[in-house]
Amino acid sequence: MCVRLRRLDAVLQMQADSGELREWPLTGIRISPRLASTPRTLKLPDGGWLEIPDDPLLDSWFSRPSSRIEAWVDRLERHRYAILTAAFLTVALAVAFIQYGLPWAALKVAERIPESVEKSSSNQVVAALERLHIKPSALPEARQRQLQADFRALVAGEPRAEQMQLLLVDAEAVGPNAFALPDGRIYMTDQLIELAQSDDELLAILAHEAGHHVHRHGMRNALESTSIFLLVGLLLGDASGSSLAVALPATLLGNSFSRGHESEADAYAFDLLLRRGRSPEDFAVAMERIATAMDIGDGQGGYLDDGVLGYLSSHPPSRARIEAARRAAQSKSGQDAH
Ligand SMILES: [Zn+2]
């Protein structure tokens, strides 16, 4: 049915093409909110309704108190540019959250994780390591004692140093490597000790491993790859929850440290070495030696693919890291010259 609407003062008059004429008081009619160019609906006092195309006249006829949100939504819908901006902002927010929010939440949770959970998670990693036939170090007792003493002197007084424990192991399958578990156990292989040309190089690598422990990278890394819902639950609730005990070991095993964590541990190591009167140059030399031994001599990065544990591929030597170490060493010698 086709109708014609007309306003007569405070009355809405409808004339149908059949000639039928009806009238209602304007105040008794409810009009649907304006939404872009969608049709408007008039609810009539007698329970009937009219659906009509939107027209600027309608809003002057019906002075309904329009809500701010409705007006805002309407404006958005009328402006494609605004819609695109809103979509872009949504994506940007999501990216920013993953980039900064998630690591922040992971750090906050990691700081609240009790040592007992760090220990039990690390035990799971140790159990997996046993498959690689890791044996106690074959080095002479005196040599081991000396490395242990050097390590203790290196980390003495550092944050969380009392939890740190150096484990010297013979691990042919792992090769020249060192790595830190979340509870402060730091492994170094005889194969790495053999490869290094000086203990200064070994201590530079151990300073880097200590950095992973100081900054809680093991837990943070595992938490960052844990579901955000679990993470938020942990933030709001109890960090020793059983869901954590189930989720963490799997992610601990499956992940290597992110590049961000590597450079954070590097920066810590450079600073520690300088404070101990050592030089980050030792770190650069050690990285180059490992890169050559791993046959990725161009030092362009790439991961040690041991095929067993992503955990062991945590320290890809890269040109950028070696250069950062040299810059740190030079900035120190520059200061000395003044
Ligand atoms: Zn590392």
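That block above? That's the structure.
Residues numbered from 1 in each chain as written. Predicted model: local features only at pLDDT ≥ 70, side-chain atom pairs only at ≥ 80, totals over all residues. Heavy atoms only, no water.

Undergrad: Outline the overall build of the protein, supporting the account with residue identities and numerical values.
TA: In terms of helices and strands, the protein carries 13 helices and 10 strands. Considering only contacts within the protein whose residues lie at least 6 apart along the sequence, 61% involve residues at least 24 apart. Carbon and sulfur atoms provide 57% of the accessible area of the protein, an area that totals close to 18100 Å². (Helix = DSSP H or I, 4+ residues; strand = E, 2+ residues; numbered from the N terminus. Contact = heavy atoms within 4.5 Å. Areas by Shrake-Rupley, 256 points an atom, 1.4 Å probe, with all protein chains shown as cover.)

Undergrad: Go over the pattern of salt bridges with me, naming the residues and quoting the values.
TA: Counted under the stated rule, the structure contains 20 salt bridges. Arginine 275 serves as the salt-bridge partner of glutamate 158, at 2.9 Å between the closest nitrogen and oxygen. Note that glutamate 158 is positioned in the loop between α5 (141-155) and β8 (165-170) and arginine 275 in helix α11 (residues 259-275), a separation of 117 residues in sequence. Note that glutamate 264 and arginine 220 form a salt bridge whose closest N and O atoms lie 3.4 Å from each other. Placement of glutamate 264 in helix α11 and of arginine 220 in helix α8 (residues 217-224) is noted, with a sequence separation of 44 residues between them. (Salt bridge = Lys/Arg side-chain N within 4 Å of Asp/Glu carboxyl O.)

Undergrad: Hey, could you go over the sheet that holds strand β5 (residues 40-43) for me, with residue numbers and the actual values?
TA: Spatial ordering of the open sheet is given by β4-β5-β6, a layout of three strands whose pairing is antiparallel. At either margin of the open sheet sits one strand with a lone partner, and together these are β4 (30-31) and β6 (49-52). With two bridges connecting them, β4 and β5 associate as antiparallel partners. When the sheet's bridge partners are listed, isoleucine 31 is paired in β5 with leucine 42. (Pairing = 2+ DSSP bridges.)

Undergrad: Residues and numbers for the side chain of glutamine 13, please.
TA: Topologically, glutamine 13 is positioned in strand β2 (residues 11-16). The class for glutamine 13 is buried, based on a relative accessible area of 9%. Of note is the side chain of glutamine 13, whose polar atom sits 3.0 Å from the side chain of glutamate 23. Discounting residues that sit within four places of it in the chain, glutamine 13 has contacts with Arg4, Leu5, Arg6, Leu8, Leu21, Arg22 and Glu23. (Buried < 20%, exposed > 50% of the residue type's maximum accessible area, 1.4 Å probe, protein only. Polar contact = N/O pair within 3.5 Å; in protein donor to acceptor, adjacent residues only side chain to side chain.)

Undergrad: Explain the pairing of strand β3 (residues 21-25) residue by residue, including any values.
TA: Of the strand pairs in this sheet, β2 and β3 are connected by five bridges, and their pairing is antiparallel. Within the sheet, the bridge partner assigned to methionine 14 lies in β3 and is arginine 22. In textbook terms, the turn of a hairpin is the stretch between consecutive antiparallel strands, and for β2 and β3 this stretch comprises four residues, one of which, glycine 19, has a positive phi near 100°.

Undergrad: How would you explain the environment of glycine 260 if you had to name every residue and give the values?
TA: Relative to the assigned elements, glycine 260 resides in helix α11. The class of glycine 260 is partly exposed, set by a relative accessible area of 43%. Considered as a pair, glycine 260 and histidine 217 are 43 residues apart in the sequence and their alpha carbons are 9.9 Å apart.

Undergrad: Explain unusual backbone geometry to me, and be specific about the residues and the numbers.
TA: Positive phi values are uncommon outside glycine, yet histidine 133 reaches one of about 55°. Taking relative accessible area as the criterion, histidine 133 reaches 63% and is therefore assigned exposed. Although it is not a glycine, arginine 216 sits at a positive phi angle of roughly 55°.

Undergrad: Lay out the environment of isoleucine 322 with the relevant residues and their values.
TA: Note on placement: isoleucine 322 falls in helix α13 (residues 319-337). Of the residues examined, isoleucine 322 reaches a relative accessible area of 1% and is grouped as buried. For the pair isoleucine 322 and aspartate 266, spaced 56 residues apart in sequence, the C-alpha to C-alpha distance is 9.8 Å. Among residues more than four places away in sequence, those in contact with isoleucine 322 are Ala284, Met287 and Glu288.

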